[in-house]
Amino acid sequence: MIRYVVSVIAVVFLGIFQVSFLTTWPWPVSSLNLILSLIIFLAVIISYPRALGWAFGCGLFLELYSGVFFGLTTLALILTVIAINFLFNNFFTNRSKYSLLIIGFLGTLIYNLIFLLGAAAAYYFNFFRREGLFDLWSIFFWQPIFNLIILMIIFLAYQLTSNRLKSIFLMSGVTNYEIKHRP
Amino acid sequence: MLLAVVILLIFLHYTGLSRPLEGLAIRIFSPLQIQVYRAGAGINSLYSVMAGSADNRDWEEIEKQLQSLIVEKAALQTQVNEKEELLKQCNFLKPLNLAAVSARVIGKNPEANLQAIILDRGAADGIAAGMALISEAGIMVGKITRVNNHTSEAALTTDARSRIAALIQNSSQSKGIISGEHGLSLKMELIPQNEKVSAGDIIVTSGLEQNIPSGLAIGRVIRTEAEANSYFQTAYIQPLTKMDNLTVVSIIKSQPL
């Protein structure tokens, strides 16, 4: 129960940080999507169900301030997590930083593609009118770059503070006594 | 399962059942967001000062004075034009009397491509889409695009979606629509080539839009471009104020009486 409460508070703080802090930075740094980066990291390195939960929570928070139709951001985040989980299970073998970077890049593209298609579909079916064009340069160039930088920072910070990503060598036929008393 | 919940929430949102809850959430988060936004804007300003020259403070002071002079000149110029126009029509000039409400910026739209700020005033405060936003210095910085009960979203003039009816304060009072460019600058297209536009000319609102009064200063022409074999030219405009660090704005609620 406490874990869920902590997660909800973390989601709110992360959302506020994204909406009210990162957006004050000058372009193109402001195109960084910290929430998407963190969700990709959770999906690849930590756990898929937790990434889904965060995608749902962060998506709902962002809906409050989104300029597109309600639900699109949450759907795009959840579908991105599902897509990168599929990619990771079928095309990658380990949780290395290279896997993370490639999936991070693909995940950012998938998210923005779903977002654009969703907005276009809503406009086409006259469900939600969104004036103006999308700045594709920001979405498909700057955002992947900054997302990958932040993903790398999160990965290195996690590697330093957790044992989960430390290299483990298995030695067959060697006892603990022999390892300890090796000359 | 999760997708079903999202679809249910979309249904609740569009039927209006979840709106009170959304409004409540925004009201709870707003005070913290104001502080976080101010901190972000402060850091951004500090960075801008550090990245600039040593005389930045003096320069900023001069820039502020220049801004206020430009605003004053633009307002006077508009008044002069209006007087001339009204004299011609034998009408009386009524003083500008604008009702405005101040709003604090609580964040920006999280979409990477938008230059849209979120304000802590909404329909409950009488805000409506299309109303103009001015900075503390009196410079037009944006237009309300979306209104919720207690918050609203405004596209800054530099936003790619932004379209404002404006005129250049040159000899021919060139009219046109200015639009945002990549969130950084502005441009006015389709100006006839025979109308002389020079660098330094001030752009003001033309008053052709329903909720936006005339004479609000927007920017200054930095260069013009005219393509060969074309009847028109394009003016590239620099906004008169920095949009990055806006923390308080005024929303103009009525046209001049």
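Residues numbered from 1 in each chain as written. Chains lettered and ligands numbered in written order. Predicted model: local features only at pLDDT ≥ 70, side-chain atom pairs only at ≥ 80, totals over all residues. Heavy atoms only, no water.

Thoughts on the overall build of chain B
Part 1 of the argument: Along the backbone of chain B there are three helices and twelve strands.
Part 2 of the argument: Taking all 257 residues of chain B together, 45% fall into the buried category.
Part 3 of the argument: In chain B, of all internal contacts separated by at least 6 residues, the share reaching a separation of at least 24 is 59%.
Part 4 of the argument: Total accessible area on chain B is roughly 13400 Å²; 57% of this is exposed by carbon and sulfur atoms. (Helix = DSSP H or I, 4+ residues; strand = E, 2+ residues; numbered from the N terminus. Buried < 20%, exposed > 50% of the residue type's maximum accessible area, 1.4 Å probe, protein only. Contact = heavy atoms within 4.5 Å. Areas by Shrake-Rupley, 256 points an atom, 1.4 Å probe, with all protein chains shown as cover.)

A short note on a nonpolar patch on the surface
Part 1 of the argument: A grouping of M1(A), V5(A), I9(A), F13(A) and L32(B) is seen on the molecular surface, where their side chains present a nonpolar patch of about 520 Å² in accessible area.
Part 2 of the argument: Here the element with the most residues in the nonpolar patch is helix 1 (residues 2-21) of chain A; it accounts for three residues.
Part 3 of the argument: Residue class for L32(B) comes out partly exposed when judged on its relative accessible area of 34%. (Patch = residues over 30% accessible without salt bridge, like charges linked within 9 Å, V, L, I, M, F, W, Y side chains within 5 Å. Salt bridge = Lys/Arg side-chain N within 4 Å of Asp/Glu carboxyl O.)

Section: the sheet that holds strand 2 (residues 116-119) of chain B
All names here are of chain B.
Part 1 of the argument: Overall, antiparallel pairing links the six strands, which are arranged 1-2-5-4-3-12 in a closed barrel. Going from strand to strand, the sheet's axes swing by 45 degrees on average, the running direction of each strand aside.
Part 2 of the argument: Of the strand pairs in this sheet, strand 2 and strand 5 (residues 152-156) are connected by four bridges, and their pairing is antiparallel. Residue pairing across strands places I117 opposite A154, the latter belonging to strand 5. (Pairing = 2+ DSSP bridges. Axes fitted to C-alpha atoms, helices over the stretch in contact; angles between N-to-C directions.)

Considering the interface of chain B and chain A
Part 1 of the argument: Taken together, the contact between chain B and chain A spans 38 residues of the former and 41 residues of the latter.
Part 2 of the argument: Interface area for chain B against chain A, summed over the two sides, is near 3500 Å², with a carbon-plus-sulfur share of 71%.
Part 3 of the argument: In this structure, the connection of chain B to chain A is made through eight residue pairs in polar contact (both at pLDDT 80 or more).
Part 4 of the argument: Looking at the side of chain B that touches chain A, the elements that each hand over two or more residues are helix 1 (2-14), helix 2 (19-51) and strand 1 (100-108) of chain B.
Part 5 of the argument: A breakdown of the residues in the side of chain B that touches chain A according to their chemical character gives 23 nonpolar, eight polar and seven charged. (Buried area = accessible area lost by both parts, 1.4 Å probe. Polar contact = N/O pair within 3.5 Å; in protein donor to acceptor, adjacent residues only side chain to side chain. Nonpolar A, V, L, I, M, F, W, Y, C, P; charged D, E, K, R; others polar.)

Some thoughts on the packing of aromatic side chains
Part 1 of the argument: Under the criterion given, the structure shown has nine aromatic pairs over all chains.
Part 2 of the argument: With centroids separated by 5.2 Å and ring planes inclined at 45 degrees, the aromatic side chains of F61(A) and F29(B) adopt a geometry described as tilted. Here F29(B) lies in helix 2 and F61(A) lies in helix 3 (residues 48-63), a pairing that spans two chains.
Part 3 of the argument: Here a set of aromatic residues connected by ring pairs shows up, and it is made of F61(A), Y65(A) and F29(B). (Phe/Tyr/Trp six-rings, centres within 6.5 Å; stacked < 30°, edge-to-face > 60°.)

Some remarks on the environment of L66(B)
Part 1 of the argument: Topologically, L66(B) is positioned in helix 3 (residues 56-88).
Part 2 of the argument: A sequence separation of 174 residues divides L66(B) from L240(B), and the C-alpha atoms of the two residues are 9.5 Å apart.

Focus on the packing of helix 4 (residues 72-91) of chain A against helix 1 of chain B
Part 1 of the argument: Two numbers describe how helix 4 of chain A lies on helix 1 of chain B: the axes approach to 10 Å, and their chain directions differ by 170 degrees. Classed by the angle they form, the pair helix 4 of chain A and helix 1 of chain B counts as roughly antiparallel. Seen from helix 4 of chain A, the contacting residues are T74(A), L75(A), I78(A) and L79(A); seen from helix 1 of chain B, they are L2(B), L3(B), V6(B) and I10(B).
Part 2 of the argument: Residues of the contact of helix 4 of chain A with helix 1 of chain B, tallied by class, amount to seven nonpolar, one polar and no charged. (Parallel < 35°, antiparallel > 145°, perpendicular 65-115°, else oblique.)

Concerning the sheet that holds strand 8 (residues 185-192) of chain B
Strand pairing in a sheet takes place through backbone hydrogen bonds and is either antiparallel or parallel in direction.
All names here are of chain B.
Part 1 of the argument: Read around the closed barrel, the six strands follow the order 6-7-8-11-10-9; overall the barrel is antiparallel. Sheet twist, expressed as the mean angle between neighbouring strand axes with direction ignored, is 45 degrees.
Part 2 of the argument: Pairing analysis gives five bridges linking strand 8 to strand 11 (residues 232-239), with the strands arranged antiparallel. The residue bridging M188 from the neighbouring strand is A235, located in strand 11.

Quick notes on helix 2 (residues 34-46) of chain A
Residue and element names in this part refer to chain A.
Part 1 of the argument: The buried fraction of helix 2 amounts to twelve of the 13 residues, a majority that puts the element mostly inside the structure.
Part 2 of the argument: Buried residues of helix 2: L34, I35, L36, S37, I39, I40, F41, L42, A43, V44, I45 and I46, and no others.
Part 3 of the argument: Here the buried face of helix 2 lies against helix 1, helix 3, helix 4, helix 5 (97-124) and helix 6 (136-161).

A short note on the packing of helix 1 of chain A against helix 3 of chain A
All names here are of chain A.
Part 1 of the argument: In contact at an axis separation of 9 Å, helix 1 and helix 3 are set at 50 degrees when each is read in the N-to-C sense. In terms of orientation, helix 1 lies oblique with respect to helix 3. Seen along the crossing, helix 1 lies across helix 3 with a hand that is right-handed. Of helix 3, the residues touching helix 1 (which contributes R3, S7, A10, V11, V12, L14, G15, I16, Q18 and V19) are R50, W54, G57, C58, F61 and L62.
Part 2 of the argument: Of the residues that constitute the contact of helix 1 with helix 3, the class distribution is ten nonpolar, four polar and two charged. (Left-handed = near helix turned anticlockwise from the far one by under 90°.)

What about the pattern of salt bridges?
All names here are of chain B.
Part 1 of the argument: This model, assessed by the stated rule, comprises six salt bridges over all chains.
Part 2 of the argument: The residue D120 makes a salt bridge to R104 at a minimum N-O spacing of 3.4 Å. Highlighted residues: D120 in the loop between strand 2 and strand 3 (132-134) and R104 in strand 1, separated in sequence by 16 residues.
Part 3 of the argument: Owing to a relative accessible area of 19%, D120 belongs among the buried residues under this scheme.
Part 4 of the argument: Given the relative accessible area of 39%, R104 is considered partly exposed.
Part 5 of the argument: Put simply, K187 and E189 hold a salt bridge, and the shortest N to O gap is 3.6 Å.
Part 6 of the argument: The exposure class assigned to E189 is partly exposed, which follows from its relative accessible area of 38%.

A word on the side chain of K143(B)
Residue and element names in this part refer to chain B.
Part 1 of the argument: Summarising the element assignment, K143 is placed in strand 4 (residues 140-147).
Part 2 of the argument: Owing to a relative accessible area of 17%, K143 belongs among the buried residues under this scheme.
Part 3 of the argument: Within polar-contact distance, the side chain of K143 engages the backbone oxygen of R163 at 2.7 Å.
Part 4 of the argument: When neighbours within four sequence positions are excluded, K143 is seen to be in contact with G130, M131, E153, A154, A155, R163, E209 and I212.

Take it as geometry only, folks, not as evidence of what the structure does.
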